[in-house]
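Residue strings, one per chain:
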Amino acid sequence: MKLADRIIARAFSQVGYKEGPNNENKYGAWAGMNNEPWCAMFVSWVFSCERALGAIATDSHGYAYCPTLLSWAKQRHLLKSIRNITPGDILLFCWDDSGVPEHTGIATSIYDPRSHMILTVEGNTGGNVIGSQSNGDGCYKRARPASCVVAVVSLDLAVAYWNRNNPSKEII
């Protein structure tokens, strides 16, 4: 099975997971940052489970802050156009038009040019459009408008970057 397929399958396996009181969740516990907003820790956990954490590792547990991933990915030329989204890519979202990413998730579809929507799996979001989209209560499948995406971190470019710089620890 290809890496993108494994990442998506792992992400889908978490749909329905609900946090406990005060943002208590297994992804934050895994990252050593429990009781914090955990959308990025969810994505990092998924990549870690599929032995691909190095591709997005801004620190030893992947990333926990969306602006950090954006800066890290820009420096390494790992971003691509929204119109070129492929399943397994990491999406960074902004809800207030500031351009600063405040939420993240994993693309599970390509960009649909008719509807301008992208299907995702996300952690720490709400199950519908009511309530917080950046600090919700669980893992959900979502359909997001492309207008909310501020950056796309390419899975393929991230893995190629890692493999080029770490030939003894290749991600496959």
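No experiment lies behind these values; they were computed from the predicted model shown.

**Quick look at helix α5 (residues 155–165)**
Listed in full, the buried residues belonging to α5 are Leu 155, Ala 158, Val 159, Trp 162 and Asn 163. Relative to the axis of α5, the buried residues are bounded by an arc of 130° and lie together on one face. Facing away from the buried side of α5, by more than 90 degrees, are the exposed residues Asp 156 and Arg 164. In this fold, the buried residues of α5 make contact with α1 (3–13), α3 (39–49) and β5 (149–153). Between the side-chain oxygen at the start of α5 and the backbone nitrogen of Asp 156 there is a gap of 3.4 Å, and the oxygen is on Ser 154.

**Side note on the packing of aromatic side chains**
Scanning all chains against the criterion turns up 6 aromatic pairs. Ring geometry for Tyr 17 and Trp 38: centres 6.1 Å apart, planes at 90°, overall edge-to-face. Of this pair, Tyr 17 sits in the loop between α1 and α2 (26–31) while Trp 38 sits in the loop between α2 and α3, and the two are 21 residues apart along the sequence. With 5.3 Å between their ring centres and 85° between their planes, Tyr 27 and Phe 42 make a pair best called edge-to-face. Of the two residues, Tyr 27 sits in helix α2 while Phe 42 sits in helix α3, which places them 15 residues apart along the sequence. Taken as a pair, Tyr 27 and Phe 42 share a single burial class, namely buried. A network of ring pairs unites the aromatic residues Tyr 17, Tyr 27, Trp 38, Phe 42 and Trp 45 as a single cluster.

Analysis parameters
Once a new chain begins, its residue numbering starts again from 1 and follows that chain's sequence as written. In keeping with the predicted nature of the model, local features appear solely for residues at pLDDT of at least 70, side-chain atom pairs appear and are counted solely at 80 or more, and the whole-chain, interface and lining totals rest on all residues. Only hydrogens and water are removed before side-chain values are computed, so all heavy atoms of the structure are retained for them. A simple rule labels every residue: compare its accessible area, found with a 1.4 Å probe on the protein chains alone, to the largest value its type can have, and call it buried under 20%, exposed over 50%, or partly exposed in between. Strands are runs of DSSP state E lasting at least two residues, helices are runs of H or I lasting at least four, and both sets are numbered from the N terminus onward. This arc describes the spread of directions from the helix axis toward the C-beta atoms. The criterion used for residue contact is that any of the two residues' heavy atoms lie within 4.5 Å. N or O atoms closer than or at 3.5 Å make up a polar contact, with two conditions inside protein: a donor-capable atom paired with an acceptor-capable one, and, for residues adjacent in sequence, both atoms drawn from side chains. Note on aromatic pairs: the rings of Phe, Tyr and Trp (six-membered ring only in Trp) are paired at centre separations within 6.5 Å, and the planes decide the class, stacked below 30 degrees, edge-to-face beyond 60, tilted for the rest.

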